Protein chains: 4
Amino acid sequence: MLIIMRVDATQTQIQGVVSRVESHGLRAHLSQGEERCIIGAIGDGRPVVKDQFLRLAGVDRIVPISRPYKLASREFSPANSVFPINGVNIGGNPVVIIAGPCSIESRSQLLETAHAVREAGAHALRGGAYKPRTSPYAFQGMGEAGLEILLEARELTGMPVVTEVMSVEQLHRVAQVADVLQIGARNMQNYSLLHAAGESQRPVLLKRGMMATIEELLMAGEYILSHGNRRVILCERGIRTFETTTRNTTDINAIPVLKNLTHLPIILDPSHSTGNWEYVNAVARAGIAAGADGLIVEVHPRPEEARSDGAQSLKPERFADLVKQIKAIAQAVGRSTDQDDH
Amino acid sequence: MLIIMRVDATQTQIQGVVSRVESHGLRAHLSQGEERCIIGAIGDGRPVVKDQFLRLAGVDRIVPISRPYKLASREFSPANSVFPINGVNIGGNPVVIIAGPCSIESRSQLLETAHAVREAGAHALRGGAYKPRTSPYAFQGMGEAGLEILLEARELTGMPVVTEVMSVEQLHRVAQVADVLQIGARNMQNYSLLHAAGESQRPVLLKRGMMATIEELLMAGEYILSHGNRRVILCERGIRTFETTTRNTTDINAIPVLKNLTHLPIILDPSHSTGNWEYVNAVARAGIAAGADGLIVEVHPRPEEARSDGAQSLKPERFADLVKQIKAIAQAVGRSTDQDDH
Amino acid sequence: MLIIMRVDATQTQIQGVVSRVESHGLRAHLSQGEERCIIGAIGDGRPVVKDQFLRLAGVDRIVPISRPYKLASREFSPANSVFPINGVNIGGNPVVIIAGPCSIESRSQLLETAHAVREAGAHALRGGAYKPRTSPYAFQGMGEAGLEILLEARELTGMPVVTEVMSVEQLHRVAQVADVLQIGARNMQNYSLLHAAGESQRPVLLKRGMMATIEELLMAGEYILSHGNRRVILCERGIRTFETTTRNTTDINAIPVLKNLTHLPIILDPSHSTGNWEYVNAVARAGIAAGADGLIVEVHPRPEEARSDGAQSLKPERFADLVKQIKAIAQAVGRSTDQDDH
Amino acid sequence: MLIIMRVDATQTQIQGVVSRVESHGLRAHLSQGEERCIIGAIGDGRPVVKDQFLRLAGVDRIVPISRPYKLASREFSPANSVFPINGVNIGGNPVVIIAGPCSIESRSQLLETAHAVREAGAHALRGGAYKPRTSPYAFQGMGEAGLEILLEARELTGMPVVTEVMSVEQLHRVAQVADVLQIGARNMQNYSLLHAAGESQRPVLLKRGMMATIEELLMAGEYILSHGNRRVILCERGIRTFETTTRNTTDINAIPVLKNLTHLPIILDPSHSTGNWEYVNAVARAGIAAGADGLIVEVHPRPEEARSDGAQSLKPERFADLVKQIKAIAQAVGRSTDQDDH
């Protein structure tokens, strides 16, 4: 941490800051410029509350030097994290494609979709039993009945399943069914849920909040990692901006930035990040071209009957096209879509 | 709901949409323009999934006509909602000032602050026992011990207390202590928590998410109202934008917009919306000038020792100044800060 | 400027940076932390290109210490700048109200509006002869004919006039008519125009770009000031955010922030910052309560016939109410609306 | 245009709106719902000022139906626009790579870069003689001397050149040198410049403003097209959001969205859209994968000496890698980087 003093700071004020630095067991290093003094606080400043320094007399601002996350950082763990989610490796050379409906709506709908996406080349199945909805009057998911259908689809297709958990109370039950617990964008900073997901020791797919910075996403991951749960997958799913022709703005920059900052696998959700099935394939290709480790894509056999997210769901044929396109892009960047290619 | 057909839509496609409209028990009204056909779906379209129409052949886009919230709307309840929170009326002529520390840090810190803000003219006390923090390594609040201190402060000062609840598990206990349950910005779309807060029948102070639209804030309020809990206070606390000189951007427009759209009381949190104590008083004055029903302000006797939000906390003397300024502004807009002036 | 080295930077890399610092005539000050080395570059670093240091081996990032603007800063000129615009002082105790139509549409429309706003208490008249319009098919202003009408209104009412200049070619002629040259939000970073406005030595009302940071606004002001033209008025007119219920988001924080950073007068344009006449008065009051030195407000005798910005224009009666409200708010913050109250 | 009446609108108000619609030579079509009346205005509503309807009694809001741009739209011109810029075709199957320094700094710097990028596979050369800079104290470009160097580079390498024009006064001279006139992001809504560029009949590379919606970009293009100048290239160069780890946020969604809405060629500038050379290649690949028609990339032989944008400039070797990567991605999406592959 650097403490930038005001231009008019007095010697007494500088001394006050130095004493405060030392009271935290840190060393103070003074650098007197032409205009002002800068004080470096040397040592592990992570537990120190930075705002406290900001309020000392003569202080202009604080510049943090160390990253606020540790376990999630590339420095802590230079090699890419690669781990299996029920037989499918994520984070290695092969890119992973997770597909399925937004919501589980019925046994036949889920099974039909599951078979279709497996056939097309998906590696894992998604489907929500508990749904966060903007309106209290909208379909809130099938709940427990949906989980049971998901379990059946998992058994019938052999694919690992990813499903959302919305609260601590649900977590125990959802973890019995899910190979990967999904934490949705609106819950990215629901810290009670992050703690519980960390404790569960299940793989977690953590979606970036639509308002969250990349650093905040990493800090949310750090909550889970801090419980010793190392299997965290980060998911870019679009951020909110002023642009309104698409539901969200895909932050494609986040893919290489995250690859630089963290060892965790990064996937892209082109369905939410565009909100429009017509743009999903183009943006999915972009994600893999930019270096993402996988995709999570919404597919519905009859989007015009979907109870949620119909606008952004691909029909199975279109999804099959997407898988072919992704295969070509993956090869162009030296990767594969085949789990056997290690 | 209006369904705007594509310029090249065929008669068969138009018929398909009409049939679909009618299958929902709605009437279809066709309007043939020079360029394209527009189909109005007449009747209560709220339960209809709009995305489904979007995916029908020939459809260009959907324009919703009715507001998605009902109980929260001015149309539903034209007069301002006014209700007491343990003796203090909110939503009427007098503006309400809620003040106190970000976190409860110790018995002496809270009691000192409580007495100081009451002395200065605050109507209610705030203080967090459970704290949502970006970092898992930061102080997470005193928890149960904090609640007990809050209870004591409530008894000693006679002020109603506002405190945050972060999860459904905590809610029962927090509701035993709090006169008002606060739901924080990061939990504005934690639907499990909104449902539980609705069921609790306690007054709720609902903070706008930092990237939530005004409509989404109203929809979150609707979740609580839909359980018959009518005592919801909405709080503007700044939104996230590209501007970085302040922690958030106070959306001052939201005050008159919300006053127009809803009957619920609206308050402003100038501490979070600026993130800097130097700007709090100016923005607090602006909030009351714009028509807010109250303020929630962070105050700490020694901000340089605060375990959270020290940068934006007022010292008691500054807060006392603020109360005087607010009194003057309230008068200028025909309001009072005195609860006896009805 | 501080140069933060990477954790793995070598001694040779550190030496390389030190040599580069010294080659610019600056002194290098090394601060070796536990994790990494930080190099302070001491001296006037303003002309140094910071990106150049960023590309040296071993460098992680650059932290600028000095502000990039000088003439606009409070440090350079601690007292508020107060100057007359044809008899009306701006920047002092009295708040200044500028009002008039968005576009000059006809002689009768402008004169009717001018008399009405003067009657109601406005201090200066606004009206556009050259209009920046999103669409090439929209009314682009009356041009020269509009300037002549403006000149007549100025003579008849005695009010100083503010009008927009859109390009360098127009500037000479507009400066013959206008007491204050307005540079619009879309031209805030039109540097050719800023240079020309600086050279003109006329007072300039500089509007913040809808996506410009406060620092960028100050840098744009610096362009004008750097030509020795000290009469610059800054105008907050709303920024673009994700919120869509209003045309822009009024950045009310910007008022106290700018008051802190600069000595220049700051005014608010509540018409553009809300885009809706129903919200103009509330937000105008907020601006004065927050410390703005004035307002610029759109008024039209018949908004339903306005050729631009009808949605946000006040009718004269509503504007008269606004002036009364502003008088009350100004008094509440120790200011006046009367130019004779110095 | 649809006019949505208020729930409480009277028959007289509805009649007033109908009369107004008809006074514009349009037909009014009434649709009476259960809650409210909707009035369709049928005919060419483009010249009608929508705000005027908004201010009529009883009106709630206006929903535009037709797109505000015409010449730029896919409906107007269904096939992709393909045109040559001095021998290089843009908009067809082969993707076009434009590369070169941000600023022309010297004869040797430009010639060295020009030869290097041509060698690596670039199709056109970029380089700025007039530079828009945030600070008046920063290098503003070599001006006329830079143009002469650019002319020499053009002759020596045979590559077409792209260079920025910042104002109407410069345009005539810049158009003598440039094969493509670049209009920068800050000038996207400098309408005087757009008109002049349209009149010049030279190809124009129009960069999206950092604050501009996709629709506003198309409207800016429409300004140029409205002068009969059909050779407009649109360029996504990143938008401003809350995310700060990158200089801008690449709106990758804009690529397929623009491909859907317009026939004009779309290119991506991964240098500005990331602001960091380390992320340029990943994002450039993403752009081509998403369907862009080309790239404009900053390259500098010694970025650590660049007078502008050093942080985001590629070294020639890295650029050569990029060209290879782009070739592979182009093939994966059925395109080429070879101008002879039509």
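Look above for the structure.
Here the structure is a predicted model, which is why all the values come from computation and not from measurement.

Conventions and cut-offs
- Along every chain, residues carry numbers that run from 1 in the direction the sequence is written.
- To read the labels, note that chains go from A and ligands from 1, taken in the order they are written.
- Whole-chain, interface and lining totals are the exception, using all residues; otherwise, since this is a predicted model, local features are given only for residues with pLDDT of at least 70 and side-chain atom pairs are given and counted only at 80 or more.
- As a convention, hydrogens and water are excluded, and side-chain values are obtained from all of the structure's heavy atoms.
- Grouping buried Ala, Val, Leu, Ile, Met, Phe, Trp, Tyr and Cys residues that are joined through side-chain atoms within 4.5 Å yields what is termed a nonpolar core.
- Exposure is judged per residue with a 1.4 Å probe applied to protein chains only, and the accessible area is read against the type maximum: over 50% gives exposed, under 20% gives buried, and values in between give partly exposed.
- The contact criterion used throughout is that any non-hydrogen atoms of two residues lie within 4.5 Å.
- Helix and strand assignments come from DSSP, with helices taken as H or I runs of at least 4 residues and strands as E runs of at least 2, each series counted from the N terminus.
- Buried area adds together the accessible area that both of two parts lose upon being put together, with accessible area traced by a 1.4 Å probe.
- For salt bridges, the criterion is a side-chain nitrogen of Lys or Arg within 4 Å of an Asp or Glu carboxyl oxygen.
- In protein, a polar contact means a hydrogen-donor-capable atom and an acceptor-capable atom, both N or O and within 3.5 Å, with residues adjacent in sequence counting only if both atoms are side-chain atoms; elsewhere, any N or O pair within 3.5 Å suffices.
- All residues other than Ala, Val, Leu, Ile, Met, Phe, Trp, Tyr, Cys, Pro, Asp, Glu, Lys and Arg, Gly among them, are scored as polar; the first ten of these are nonpolar and the last four charged.
- Fitting of the copies onto one another was done by least squares over C-alpha atoms, counting residues only where both copies have pLDDT of at least 70.
- To count as a disulfide, a pair of cysteine sulfur atoms needs to be within 2.5 Å.
- For two strands to be treated as a pair, DSSP must find at least two bridges joining them.
- Axis geometry follows a simple rule: fit a line to the C-alpha atoms, using only the stretch in contact for helices, then measure angles between N-to-C directions, giving values from 0 to 180 degrees.
- When the strands point away from the viewer and the path from the first strand over the helix to the second turns clockwise, the crossover is right-handed.
- The span one expects for a helix is its residue count, reduced by one, times 1.5 Å.

## Observations concerning the nonpolar core
Here comes step 1: Of all hydrophobic cores here, the largest spans 308 residues; its most connected members are A:Leu206, A:Phe319, B:Phe319, C:Phe319 and D:Phe319.
Here comes step 2: Setting aside anything within four residues of it in sequence, one finds A:Leu206 in contact with A:Ile183, A:Met188, A:Leu194, A:Leu217, A:Ala220, A:Gly221, A:Ile224, A:Ile233, A:Leu234 and A:Cys235.

## Quick look at the environment of B:Val63
Here comes step 1: Mapped onto the secondary structure, B:Val63 falls in strand β4 (residues 59-63).
Here comes step 2: Expressed as a C-alpha distance, the spacing of B:Val63 and B:Leu194, which sit 131 residues apart in the sequence, is 28 Å.
Here comes step 3: Contacts of B:Val63, omitting those with residues within four sequence positions, involve B:Met1, B:Leu2, B:Ile4 and D:Val63.

## What about the interface of chain A and chain B?
Here comes step 1: Each side of the interface is counted separately: chain A has 50 residues, and chain B has 51 residues.
Here comes step 2: Buried area between chain A and chain B, both sides added, is near 4100 Å², and the carbon and sulfur share of it is 52%.
Here comes step 3: When the buried surface of chain A facing chain B is broken down by residue, A:Arg55, A:Tyr137 and A:Arg240 rank first, second and third, together holding 19% of it.
Here comes step 4: At the junction of chain A and chain B, the tally comes to two salt bridges.
Here comes step 5: Ionic pairing is found between B:Glu216 and A:Arg240, a salt bridge with its closest N-O pair at 2.6 Å.
Here comes step 6: Between the two partners, chain A and chain B, sit 30 residue pairs in polar contact (both at pLDDT 80 or more).
Here comes step 7: A per-element tally of the side of chain A that touches chain B places helix α7 (residues 214-225) of chain A first, with four residues.
Here comes step 8: Among the residues making up the side of chain A that touches chain B, the classes are represented as 20 nonpolar, 15 polar and 15 charged.

## Describing the relation of the copies chain B and chain C
Here comes step 1: Each copy of the sequence occupies a distinct position, and chain B is placed on chain C by a rotation of 180° and an axial shift of 0.0 Å, giving an RMSD of 0.0 Å. Expressed as an axis order, the relation between the two copies is that of a two-fold axis. Across chain B, the smallest distance between a C-alpha and the rotation axis is recorded for B:Ala286, namely 2.0 Å.
Here comes step 2: Comparing interface residues between copies, 100% of those in chain B also sit at the interface in chain C, which points to an isologous, same-surface contact.

## Remarks on the state of the cysteines
Residue and element names in this part refer to chain D.
Here comes step 1: Taken as a whole and judged by the stated rule, the model has zero disulfides over all chains.
Here comes step 2: Distance from the sulfur of Cys-102, which forms no disulfide, to the nearest cysteine sulfur (Cys-235) is 13 Å.
Here comes step 3: Residue classification places Cys-102 among the buried positions, given a relative accessible area of 4%.

## Remarks on the relation of the copies chain A and chain B
Between the two copies of the chain lies a rotation about an axis combined with a shift along it.
Here comes step 1: Between chain A and chain B, which share one sequence, the superposing operator has a rotation angle of 180° and an axial displacement of 0.0 Å; the RMSD is 0.1 Å.
Here comes step 2: A high fraction, 100%, of the interface residues of chain A reappear at the interface in chain B, so the copies pair face to face through one surface.

## Structural notes on the sheet that holds strand β13 (residues 266-268) of chain B
Residues and elements named next belong to chain B.
Here comes step 1: Spatial ordering of the closed barrel is given by β7-β8-β9-β10-β11-β12-β13-β14, a layout of eight strands whose pairing is parallel. Averaged over all pairs of adjacent strands, the angle between their axes in this sheet comes to 25°, without regard to strand direction.
Here comes step 2: Pairing geometry for strand β7 (residues 96-100) and strand β14 (residues 294-298), over five bridges, is parallel. When the sheet's bridge partners are listed, Ile-97 is paired in β14 with Leu-295.

## Notes on the pattern of salt bridges
Here comes step 1: Summed over the entire model, instances satisfying the criterion amount to 76 salt bridges over all chains.
Here comes step 2: Here B:Glu112 and B:Arg302 are joined by a salt bridge, their closest N and O atoms 3.3 Å apart. Taken together, the residues span a long stretch of sequence, with B:Glu112 in helix α3 (residues 107-120) and B:Arg302 in the loop between β14 and α11 (316-332) at a distance of 190 residues.
Here comes step 3: Accessibility expressed as a relative area gives 37% for B:Glu112, which makes it partly exposed.
Here comes step 4: On the basis of relative accessible area, B:Arg302 is assigned to the partly exposed category, the value being 29%.
Here comes step 5: A salt bridge links D:Arg247 to D:Asp309, with the nearest nitrogen and oxygen atoms 3.1 Å apart. Of this pair, D:Arg247 sits in the loop between β12 (232-236) and α8 (254-261) while D:Asp309 sits in the loop between β14 (294-298) and α11 (316-332), placing them 62 residues apart in sequence.

## Some thoughts on the pairing of strand β7 (residues 96-100) of chain C
Residue and element names in this part refer to chain C.
Here comes step 1: Summarising burial for β7: five of the five residues are buried, a large majority.
Here comes step 2: Inspection of the sheet shows β7 paired to strand β8 (residues 124-126) by two bridges, in the parallel sense. Bridged to Ala-99 within β8 is Leu-125.
Here comes step 3: Each parallel crossover has a hand, and for β7 linked through helix α3 (residues 107-120) to β8 it is right-handed.

## Looking at the interface of chain B and chain C
Here comes step 1: Taken together, the contact between chain B and chain C spans 37 residues of the former and 37 residues of the latter.
Here comes step 2: With both sides pooled, the region where chain B packs onto chain C buries about 2800 Å², and carbon together with sulfur makes up 68% of that total.
Here comes step 3: Contact with chain C buries surface across chain B, with B:Phe242, B:Asn253 and B:Tyr279 losing the most and accounting together for 23% of the total.
Here comes step 4: Connecting chain B to chain C are two salt bridges.

## Remarks on helix α10 (residues 277-289) of chain D
Residue and element names in this part refer to chain D.
Here comes step 1: Here α10 is 13 residues long and its end C-alpha atoms lie 19 Å apart, about the 18 Å a rise of 1.5 Å per residue gives.
Here comes step 2: Here α10 lies mainly inside the structure; 11 of its 13 residues are buried.
Here comes step 3: Taken as a whole, α10 has its buried residues at Tyr-279, Val-280, Asn-281, Ala-282, Val-283, Ala-284, Arg-285, Ala-286, Gly-287, Ile-288 and Ala-289.
Here comes step 4: Backbone nitrogen of Glu-278 and a side-chain oxygen of the N-cap are separated by 3.0 Å at the start of α10; the cap is Asn-276.
Here comes step 5: Immediately downstream of α10, the backbone of Gly-291 shows phi near 115°, a positive value.

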